[in-house]
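Understanding the architecture of this molecule
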There are 2 protein chains.
Amino acid sequence: MIELVPITGLPEVVPGDSLGTLIARALSRLSFTLRSADVLAVAQKIVSKAENRLVRLDTMIPCESAIETARELGNRDPRLIELVLRESRRIVRMGHGVLIVETHHGLICANAGVDLSNVDGGNTASLLPVNPDASAARIASEVRAVTGVDVPVLIADTFGRPWREGLVDVAIGVHGMSPLRDHRRQTDAYGYQLRATVMAEADQLAAAAGLVFRKNGRIPACLIRGFEFQPGSGNASDLLRNPEHDLFR
Amino acid sequence: MIELVPITGLPEVVPGDSLGTLIARALSRLSFTLRSADVLAVAQKIVSKAENRLVRLDTMIPCESAIETARELGNRDPRLIELVLRESRRIVRMGHGVLIVETHHGLICANAGVDLSNVDGGNTASLLPVNPDASAARIASEVRAVTGVDVPVLIADTFGRPWREGLVDVAIGVHGMSPLRDHRRQTDAYGYQLRATVMAEADQLAAAAGLVFRKNGRIPACLIRGFEFQPGSGNASDLLRNPEHDLFR
């Protein structure tokens, strides 16, 4: 059985907080003893807050391009669009009020992950962490310092996807486990070699954690117990399809 | 806490099997008492087997188009490609040895979900269920007949996705719960109204169940306990983006 355990009791996260330390203390208050077979999933929003990836909108002076883009998208806030464009390498699709971009990390998502909710009522935008893999590694290190236990850490964010309604959580940062599990060398019960069966386990774990997270940020961390992850040194960029192999660029 | 419970001990599924009955009996052998707050996730592969969505490849006579397409894809089996084309409304993308189509259900996936593994060593292909929502409803009905309990049922299949490596499970059939959860009318902790926050909960549940399923089909059903799903009469087509709103058509 796999258990998805909400890590409740975290204080409101502010810039400078040591998330791993806060999480380890919360686990202790829950009388929960961490095991090295556990996986820790943390919502991107509190990572961005702890890392002060916050920008006051009234400091943003939108360029002409941002003003124009904001208008085309249906009178979106040009200061927010300016911020989105700064966080992006390129625009992937634009229309129906939606701006899908490729971030500097290579992630493809709406609005470059820039978000106004859950900060201070619309005046401050939160940006994605600069390096979510490093964020995951740091949290793992902080957790180890308090508990003595090494666990994989995932940073999860909610993304939309083509052709399917609704958002799901995916792993934008990964430390301590292989994000992908390759079943191709295995055979099925009949001895038939499985073909293209590489599972994005880090994304499935993030989606599972998403069931525990509340969208208003009330439970921004989750422990997953009982899943036999594949140890490894891979990171979230392994989950990004090589543009040369991607049919949707 | 959310628990993902593997339903072990299912017999090998054959055409004509009443999956809900088999699952209910397996739960009973596990001394597991079903509750109406539980969600049942079933892997597409055993639904296809029970519904005899099986085709022997040696009965397939590929048309010219299938032969040509198979060659272009790198000498794939034209009989298999013939089957894929028959299960499809249209080809979405083709290249790098991959054939992404829109199935008759409106699902967009590789090979129309046609699969050779896990049946009989490569001679028989399994197709997606004709109506996965109806399959889910039937399984729910059979489970209720044995246990007296109504639970939502999801049929899960593994899909690839643009820009991200690896496969994740999504819900291709849904009964008894709302596949989407709309958070838009809610406000966050600061009173700021959340914008485009519709979560594809059925897909997240499917991904979570995927952590339990084994790719070789050994554990093809999973119970999810402790998740407060939104009751409803929606189905898997609610998860398909309206083509008019889809930027990736």
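Up top is the structure.
Basis of the calculations
Numbers given to residues run from 1 along each chain, matching the order in which its sequence is written. Each chain takes a letter, starting from A, and each ligand takes a number, starting from 1, following the order in which they are written. With pLDDT at 70 or above as the cut-off, local features in this predicted model cover only qualifying residues; side-chain atom pairs require 80 or more to be listed or tallied, and sums for whole chains, interfaces and linings still use all residues. Processing note: side-chain calculations cover all non-hydrogen atoms of the structure and skip hydrogens and water entirely. Helix and strand assignments follow DSSP, with helices taken as H or I runs no shorter than four residues and strands as E runs no shorter than two, numbered in order from the N terminus. What the globule rule says is 2.2 Å times the number of residues to the power 0.38, and the radius of gyration is computed from C-alpha atoms. For every residue, the accessible area obtained with a 1.4 Å probe (protein chains only) is divided by the maximum for its type, and the residue is called buried under 20%, exposed over 50%, and partly exposed between those limits. Note on contacts: a residue pair qualifies if any of its non-hydrogen atoms lie within 4.5 Å across the two residues. Only residues with pLDDT of at least 70 in both copies count here: their C-alpha atoms drive the least-squares fit that superposes the copies. Note: two strands are recorded as paired if DSSP finds a minimum of 2 bridges between them. In this analysis, axes come from line fits to C-alpha atoms, helices being fitted only over the stretch in contact, and the angle between any two N-to-C directions falls in the range 0 to 180 degrees. Once two parts are put together, the accessible area they lose, assessed with a 1.4 Å probe and summed over both, is termed the buried area. In the sections that follow, a salt bridge refers to a side-chain nitrogen of Lys or Arg positioned within 4 Å of a carboxyl oxygen of Asp or Glu. Polar contacts, as counted here, are pairs of nitrogen or oxygen atoms within 3.5 Å of one another; within protein the pair requires one atom able to donate a hydrogen and one able to accept it, and residues that are adjacent in sequence qualify only if both atoms are side-chain atoms. Residue classes follow a fixed rule: Ala, Val, Leu, Ile, Met, Phe, Trp, Tyr, Cys and Pro count as nonpolar, while Asp, Glu, Lys and Arg count as charged, and any other residue, Gly among them, counts as polar.

A few words on the overall build of chain A. When helices and strands are counted, chain A shows six helices and 12 strands. Compactness check: chain A gives a C-alpha radius of gyration of 19 Å against a globular reference of 18 Å for 249 residues, within 12% of the reference. Reported as C-alpha extents along the three principal axes, the dimensions of chain A are approximately 55 × 50 × 25 Å. Counting the 249 residues in chain A, one finds 59% classified as buried. Relative to all contacts within chain A whose residues are 6 or more apart in sequence, the contacts with residues 24 or more apart total 60%.

What follows concerns the relation of the copies chain A and chain B. Note on the identical chains: chain A maps onto chain B by a rotation of 180 degrees and an axial translation of 0.0 Å, with an RMSD of 0.0 Å. This pairing of chains is accounted for by a two-fold axis. Comparing interface residues between copies, 100% of those in chain A also lie at the interface in chain B; the contact surface is shared.

Residue and element names in this part refer to chain A. The strand order across the open sheet built from three strands is β4-β5-β6, with neighbouring strands paired in antiparallel fashion. The open sheet has two edge strands, β4 (88-95) and β6 (108-110), and neither has a second partner. The sheet shows a mean angle of 30 degrees between the axes of neighbouring strands, taken without regard to direction. Strand direction decides the pairing type here: strand β5 (residues 98-103) and β6, joined by three bridges, are antiparallel. When the bridges of β6 are listed, V101 appears paired with C109. Taken strand by strand, helix α4 (residues 78-86) contacts β4 and β5, and its axis lies near 125 degrees from that of β4.

Before going further, it helps to spend a moment on the interface of chain A and chain B. Across the contact, 77 residues belong to chain A and 77 residues belong to chain B. In terms of surface lost to chain B, no three residues of chain A exceed W163, R164 and L211 of chain A, which account for 14% of the buried area on that side. Remark: the boundary between chain A and chain B carries four salt bridges. With its nearest N and O atoms 2.6 Å apart, the salt bridge here joins D203 of chain A to R161 of chain B. Linking chain A with chain B are 32 residue pairs in polar contact (both at pLDDT 80 or more), by the criterion used here. A total of nine residues in the side of chain A that touches chain B trace back to one element, the largest contributor, which is helix α6 (residues 201-212) of chain A. Split by residue class, the side of chain A that touches chain B holds 40 nonpolar, 16 polar and 21 charged.

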